[in-house]
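For reference, the chains in residue letters:
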Amino acid sequence: KSFDDRTDTGASADQMTNKVFVHGMPDDTSWSAQVSRLREANEVEHSEQLYNEGHVVDEEEMPIRVIVRKRPMSKREASASDSVDVIQPLTYNNYGRVLVYQPKTRVDLTKEIETLPFAFDNVFDEVSSNLDIYDSTVRNLIPGVFDGKWASVFAYGQTGSGKTFTMMGSGLTGKKAGNQRNDDSENFGLYYLAAQDLFKQANQRRNQHISVGASLFEIYGGKLFDLLNNRHPIKCLEDQKGKVCFPGLSEHPVSDADELMTVIEQGASKRSTGTTSANADSSRSHAVLQLSLRKQVGRQSNVEHARLSFIDLAGSERGADTDKACRTTRLEGAEINTSLLALKEVIRALATGGKMAHIPFRGSKLTQVLKQGFVGKNSRTVMVSCVAPNLSNCDHTLNTLRYADRVKERNAETGQLVGAATASSIKTSKSATTPTGNSSRPARSSFSETENIDDEEDDEPNEEMDANDSYSMEELVSEDEDDDSAVLNNILSQTSPISSPTRAGQKVKNQNKTESISSKKQAAQALIDTHRTVMTGMLGIVKHEMTLVNTTDADRDKIEDYLVDLETVHDEQLSMLSNLRESLLEYYGSRDSARPRHSDIPHNRSTDTSGVLSDGSFEDLRD
Ligand SMILES: Nc1ncnc2c1ncn2[C@@H]1O[C@H](COP(=O)(O)OP(=O)(O)OP(=O)(O)O)[C@@H](O)[C@H]1O
Ligand SMILES: [Mg+2]
């Protein structure tokens, strides 16, 4: 046989170079051999299609950038006999793809690999450094911050996938694992790299009036703790205009990146961590680093001009621990699950061009905290989805990629953006809180009021906030309410789509098959997601209502504010029910058999109670 023929029979590079080739031997059917054959074929195909003219996206037009980072195999993973690298990142000139090779064993016990493709704004392979990631995703946000644009950078992914490594750098992670590498300057974290640029610009003459303050806190079990002030509990309050403040949070003046890192290092050691099988230094909380740019405006000092936030989220699979672990860990998992679902819905709603009043910020403490950085046309967000390469992490990796894909959808084959651009794409990407669901709402008097509120809020990041403002605010969640809601959250998260590796409904074999197979499953997934988010959102609203009622009861002068707030609350509730209703109908619409008869759905009731769906829209969906 010729060399080429041998390649065709599937002999791996290893076999060709190191082993004697035996004619007529059957293909190696081990997972690793199958994956490497697929990998090679896809690599060849990729090198032929590197350049793709069609999808250039203007940076300025990209309020949300979703990227994926694959970490290298750890020594332990690499030395295990069953280790297989199942992730293949492929970069194109203006987007990236990730192929996941998922092993399947058929009923006749034959082993088969299913290739699941995803597309994102950027993908980074295992040899990419933090600096590479910084250069192509975060660096360009820094000048905007000086123009008053707010920016947020998230790290999302399962435990041990490299979130803290990405944010804090190699010098501050993996200490217990013994792989501390302080000298690896390429692997300074995004915190440090951004701070270097930020201070370089802040020290320029034209920015002399701007000072930078750093605060670092964690969100743990639905509560906030100041990591730069001995884990002092802090509150998250929202004023009548919806602005979020953190009374009690310490903000430390910093003037260069090294000073910032010293401050962060002290704070990071106070963070709640534990040990998981995948990570000796596992973070159990969401950590939020805020760099606030402040300036003097007239006679007011310390007015916030813009803010750059970094959020190192807790491991996304924590909810999966709910049944094995102790009560604390279960509650931790439940809270993390709820907050990550709420975050996804918020980012999705923003990505699809949502109206602020209908975005479910109250769904969790995390989203309440981040609200200020999200509202308005001037906000930029980067979501770094971290994945581990090994076969044993495959299910969690798929969950992470699906989460990221739902935040900002792209065609898995072509990288074409599916989303805010067209009305039809908004329809397919609809979820509980996607504000487009409101299109079928009849005009109501309160609706026009809401529009005004939206417009006001759109400009919020430009509105400067006085740090010395007195806090005439209402606390969103009281301590007592938290316990009840934790229990409820626990129930809500029992079957979280993030945590459940066996959840059906998201298999994407290839693009052509996907559309028919998965539309039904996607509709089911969307319905479940929607329902859960609505329940979570409702819970958040009830908490708010409790505070509202109590405050008004104590001080009747607040009745006017109460009435306005109540209108907004009703609006939000109706909007949520409307979305759930649409998701339900979409699900029925996607089923090609066993559709409910017209009389099975109490559409009249829905029309009466929420005024949301007309009979016409119902018929359209059914047909
Ligand atoms: N890109 C990378 N290159 C080299 N080592 C890495 C990389 N990413 C992560 N690691 C190492 O893997 C281990 C786990 O990483 P890290 O602590 O960042 O995980 P995590 O996603 O924050 O997990 P958790 O959710 O449990 O906090 C650490 O020892 C870290 O040094
Ligand atoms: Mg971590």
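Bear in mind the structure is a predicted one, so any value in this text is a computation, not a measurement.

K.L.:
Any chance you could explain the packing of helix H5 (residues 130–138) against helix H8 (residues 190–202) here in plain terms?
P.N.:
For any two helices packed against each other, the geometry is given by the interaxial angle and the distance between the axes. Taken N-terminus to C-terminus, the directions of H5 and H8 make an angle of 55°; their axes are 10 Å apart at the nearest point. Overall, the two elements H5 and H8 adopt an arrangement that is oblique. Taken as a pair, H5 and H8 cross one another with a handedness that is right-handed. Contact residues: H5 offers Asn130, Leu131, Ile133, Tyr134 and Val138, while H8 offers Leu190, Leu193, Ala194 and Asp197. Across the contact of H5 with H8, the residue classes break down as seven nonpolar, one polar and one charged.

K.L.:
Looking at this structure, how should I read the pairing of strand E1 (residues 64–70)?
P.N.:
Note on strand geometry: in a regular strand, side chains alternate between the two faces of the sheet. Counting buried positions over the seven residues of E1 gives seven, a clear majority of the element. Here E1 shows two buried faces, one formed by Ile64, Val66, Val68 and Lys70 and the other by Arg65, Ile67 and Arg69. Taken together, the seven bridges between E1 and strand E17 (residues 379–387) define a ladder with parallel strand orientation. For Val68, the partnering residue across the bridge sits in E17 and is Ser385. Sheet analysis places E1 next to strand E5 (residues 122–124), joined by three bridges and oriented parallel. When the bridges of E5 are listed, Val68 appears paired with Val123.

K.L.:
Looking at this structure, how should I read the side chain of His286?
P.N.:
Within the fold, His286 resides in strand E15 (residues 286–297). Taking relative accessible area as the criterion, His286 reaches 2% and is therefore assigned buried. A polar atom in the side chain of His286 sits 3.1 Å from the backbone nitrogen of Ala314. When sequence neighbours within four positions are dropped, the list of residues in contact with His286 reads Phe217, Glu218, Ile219, Arg271, Asp312, Leu313, Ala314, Ile336, Ser339, Leu340 and Leu366.

K.L.:
Mind showing me how you'd approach the confidence of the model for the chain here?
P.N.:
Interpretation of the predicted coordinates at a detailed level should be avoided for regions scoring low in pLDDT. Looking at the chain, the pLDDT average stands at 70 and 64% of residues meet or exceed 70. Low pLDDT, under 50, characterises residues 1–16; the stretch is placed with 14 contacts to residues that sit more than four places away or in other chains.

K.L.:
For this particular structure, what's the right way to read the packing of H8 against helix H9 (residues 257–268)?
P.N.:
It is the contact of H8 with H9, at a shortest axis distance of 8 Å, that shows an interaxial angle of 145°. Crossing angle aside, the handedness with which H8 passes H9 is right-handed. Seen from H8, the contacting residues are Tyr191, Tyr192, Ala195, Gln196 and Phe199; seen from H9, they are Ala257, Asp258, Leu260, Met261 and Ile264. Each residue belonging to the contact of H8 with H9 can be placed in one class, and the counts come to eight nonpolar, one polar and one charged.

K.L.:
Honestly, the UniProt feature "binding site: ATP" (unreviewed entry) in the chain in this entry has me stumped. Any pointers?
P.N.:
In the numbering adopted here, UniProt assigns the feature "binding site: ATP" (unreviewed entry) to Gly157, Gln158, Thr159, Gly160, Ser161, Gly162, Lys163 and Thr164. Within the secondary structure, Gln158 is located in the loop between strand E6 (150–157) and helix H7 (163–168). The buried category is assigned to Gln158, whose relative accessible area is 4%.

K.L.:
Can you walk me through the sheet that holds strand E4 (residues 111–120) in this structure?
P.N.:
Working definition: the strands of a sheet are paired by backbone hydrogen bonds and lie parallel or antiparallel to each other. Pairing within the open sheet is antiparallel, and its three strands lie in the order E2-E3-E4. Sheet topology places strand E2 (87–91) and E4 at the edges, where each strand pairs with a single neighbour. Mean inter-strand twist for the sheet, computed between neighbouring axes without regard to direction, equals 20°. Where E2 and strand E3 (residues 96–105) come together, five bridges link them in antiparallel fashion. The residue of E3 that forms the bridge with Ile87 is Val100. Across the face of the sheet, helix H12 (residues 394–407) comes into contact with E2, E3 and E4 while running at roughly 30° to E4.

K.L.:
Quick question: what am I supposed to make of the pattern of salt bridges here?
P.N.:
Side-chain pairs of opposite charge can arise where the charged atoms are in close proximity. Under the definition given, this model contains 13 salt bridges. The residue Glu77 makes a salt bridge to Arg71 at a minimum N-O spacing of 2.9 Å. Arg307 is the partner of Glu304 in a salt bridge, and the nearest nitrogen-oxygen pair spans 2.8 Å. Arg307 gets classed as buried once you look at its relative accessible area, which sits at 6%.

K.L.:
Would you mind showing me how to read the pairing of strand E8 (residues 223–226) here?
P.N.:
Where strand E7 (residues 211–220) lies against E8, four bridges are found, and the strand directions are antiparallel. Residue pairing in the sheet places Ile219 in a bridge with Leu224 of E8. The hairpin formed by E7 and E8 contains two residues between the paired strands, and Gly221 there has a positive phi angle of roughly 60°. Summarising the sheet, E8 and strand E9 (residues 232–234) pair through three bridges and their orientation is antiparallel. By the bridge assignment, Asp226 is partnered in E9 with His232. In this structure, the hairpin formed by E8 and E9 is closed by a connection of five residues, where Asn230 is found at a positive phi of approximately 55°.

K.L.:
Would you take a moment to explain helix H11 (residues 365–374) for this structure?
P.N.:
Side chains three or four residues apart in an α-helix point the same way, a direct result of the helix having 3.6 residues per turn. Burial within H11 is extensive, with 10 of its 10 residues counted as buried. Within the span of H11, buried status applies to Lys365, Leu366, Thr367, Gln368, Val369, Leu370, Lys371, Gln372, Gly373 and Phe374. N-cap assignment for H11: the residue whose side-chain oxygen lies 3.3 Å from the backbone N of Leu366 is Ser364.

K.L.:
How should the packing of aromatic side chains be read in this particular structure?
P.N.:
How two aromatic rings sit relative to each other is given by the distance of their centres and the angle of their planes. Under the criterion given, the structure shown has six aromatic pairs. Ring centres 6.3 Å apart and planes at 15° place the aromatic pair Phe118 and Phe120 in the stacked group. Each member of the pair, Phe118 as well as Phe120, carries the same accessibility label: buried. On the numbers, 5.4 Å between centres and 70° between planes, the contact of Tyr191 with Phe310 is edge-to-face. Of this pair, Tyr191 sits in helix H8 while Phe310 sits in strand E16 (residues 300–312), and the two are 119 residues apart along the sequence. Accessibility assignment for this pair places Tyr191 and Phe310 in one class, buried.

Basis of the calculations
- Residues numbered from 1 in each chain as written.
- Chains lettered and ligands numbered in written order.
- Predicted model: local features only at pLDDT ≥ 70, side-chain atom pairs only at ≥ 80, totals over all residues.
- Heavy atoms only, no water.
- Axes fitted to C-alpha atoms, helices over the stretch in contact; angles between N-to-C directions.
- Helix = DSSP H or I, 4+ residues; strand = E, 2+ residues; numbered from the N terminus.
- Parallel < 35°, antiparallel > 145°, perpendicular 65-115°, else oblique.
- Left-handed = near helix turned anticlockwise from the far one by under 90°.
- Contact = heavy atoms within 4.5 Å.
- Nonpolar A, V, L, I, M, F, W, Y, C, P; charged D, E, K, R; others polar.
- Buried < 20%, exposed > 50% of the residue type's maximum accessible area, 1.4 Å probe, protein only.
- Pairing = 2+ DSSP bridges.
- Polar contact = N/O pair within 3.5 Å; in protein donor to acceptor, adjacent residues only side chain to side chain.
- pLDDT = per-residue confidence, 0-100.
- UniProt positions renumbered as here; feature names shortened; annotations may be inferred.
- Salt bridge = Lys/Arg side-chain N within 4 Å of Asp/Glu carboxyl O.
- Phe/Tyr/Trp six-rings, centres within 6.5 Å; stacked < 30°, edge-to-face > 60°.

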